Amino acid sequence: MNFNTFFSVAGAILLNIAGCLGQLDVCGQARLNTKIIGGQNATAGSWPWQASIQSVSFGGYYCSGTLINKKWVLSAASCFIGIPVSDIVVYLGRLTQNGPNPHETNRTVIKVIKHPKYNSLDRDLALVQLSSPVNFSDYIKPVCLAAAGSIFVGGTESWVTGWGTISSKEIQFPDILQEAQTPVVNNFECDVANGGIITDNLICAGFLNEGGKGPCAGDTGSPLVSRQGSRWIQSGIAVYSIGCGLPEYPAVYVRVSEYQDWISYYTNNSMPGFVPFPLILSVGDGGSIYLLPFSFALTFSIIPLIFLHF
């Protein structure tokens, strides 16, 4: 291998890493989030990426989404079936649906891009392009997205947020954004519980022996997030739930990490922050321990191998 070929390969690898890091300087940071338990009202700024997706014709909120950079919101494709783009307004920095939201802004929508193979549960995702970029603040900030290859084992502590109905017996939408802690359930157990519908493109979360916590009607598109260090990483998009948090029926989410390439293709001018989960340990000089993303570790293990082929 000559030097030109080597630097082309190394450059491609490093550019790929840079793309993965995209919004890493700002994504997933919720300075005002101090919550440690779930099933309650959120507070202003706790989940600064939360988007309230509203229809002008229908008269208000009907789906959730997450801000992933200044121009794009990630949600579920099923939220946009039969609804014209001109009818959609996205609110960011919102806590209450009816009261004052002093840190709020809103945008109309230029386009909605549904996954081209949206004909099954595990491809129920869409990108929403905002009419103009938003300014980041403590109350409006993008989430980090789980990078390709991320692994969320059963029991991983996660949270789901949304304004969906809080009762499985009647339609009762809350005024204030709701948050609930909900652990990841491994795909095998989830597949058994949900009748054999779970694929590798899906991730599940919930309580197998406890009910009352989880997404319900109106929570489609809501984010499932986990904290890693000081950052919050989105692992899933809410798409399916039996009985709104009934025990033995974990809620089902599209697995975000499986769609990094698709998301990146449309957002390449302002790449979201893709973060591997979990991080791996690397021991440095003097026994110091550093956390490195898998993509970095892979790159620096590949480069020495490239040199060996000169």
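This is a predicted model, so every value here is computed, not measured.

Trainee: Hey, could you run me through the overall build of the protein in this one?
Mentor: Regarding its fold elements, the protein presents 4 helices and 18 strands. Out of the 310 residues in the protein, the part that is buried amounts to 51%. Looking at the protein alone, contacts between residues at least 24 apart form 68% of all its contacts between residues at least 6 apart. Carbon and sulfur atoms provide 56% of the accessible area of the protein, an area that totals close to 14,200 Å².

Trainee: Please clarify how the state of the cysteines should be interpreted in this entry.
Mentor: The bond known as a disulfide is covalent and runs between the sulfur atoms of two cysteines. Considering all chains together, one arrives at 3 disulfides under this definition. Between the sulfur of C27 and that of C144 lies a disulfide, 2.0 Å long from S to S. Taking the sign of the S-S torsion, 85 degrees for the link of C27 and C144, the bridge is right-handed. Within this pair, whereas C27 is found in the loop between α1 (3–21) and β1 (40–41), its partner C144 is found in strand β8 (residues 144–146), the two being separated by 117 residues in sequence. Here C63 is linked by a disulfide to C79, with a sulfur-sulfur distance of 2.1 Å. Handedness here is read from the sign of the S-S torsion; for C63 and C79, about -90 degrees, the answer is left-handed. Note that C63 is positioned in strand β3 (residues 60–67) and C79 in the loop between β4 (72–75) and β5 (88–92), a separation of 16 residues in sequence. C79 gets classed as buried once you look at its relative accessible area, which sits at 3%.

Trainee: Hey, could you run me through the pairing of strand β6 (residues 105–114) in this one?
Mentor: Regular strands show a simple pattern: their side chains alternate between the two faces of the sheet. Summarising the sheet, β5 and β6 pair through 4 bridges and their orientation is antiparallel. Note on β6: the bridge partner recorded for L92 is T105. Summarising the sheet, β6 and strand β7 (residues 126–130) pair through 5 bridges and their orientation is antiparallel. When the sheet's bridge partners are listed, K114 is paired in β7 with A126.

Trainee: What's the story with the nonpolar core in this structure? I'm lost.
Mentor: As a rule of thumb, nonpolar side chains are buried together in soluble globular proteins. Counting 55 residues, the largest nonpolar core has L74, F80, I88, V90 and I263 as the members making the most contacts within it. Discounting residues that sit within four places of it in the chain, I88 has contacts with I53, Q54, Y62, F80, I83, R107, T108, V109 and V112. In this structure, I203, L224, A251 and Y253 belong to the second largest nonpolar core, which totals 16 residues.

Trainee: Explain the environment of K141 here, please?
Mentor: With respect to the helices and strands, K141 occurs in the loop between β7 and β8. The buried category is assigned to K141, whose relative accessible area is 13%. Beyond its immediate stretch of four places on either side in the chain, K141 contacts V26, Q29, P48, W49, L67 and F136.

Analysis parameters
Residues numbered from 1 in each chain as written. Predicted model: local features only at pLDDT ≥ 70, side-chain atom pairs only at ≥ 80, totals over all residues. Heavy atoms only, no water. Helix = DSSP H or I, 4+ residues; strand = E, 2+ residues; numbered from the N terminus. Buried < 20%, exposed > 50% of the residue type's maximum accessible area, 1.4 Å probe, protein only. Contact = heavy atoms within 4.5 Å. Areas by Shrake-Rupley, 256 points an atom, 1.4 Å probe, with all protein chains shown as cover. Disulfide = S-S within 2.5 Å. Pairing = 2+ DSSP bridges. Core = buried A, V, L, I, M, F, W, Y, C linked by side-chain atoms within 4.5 Å.

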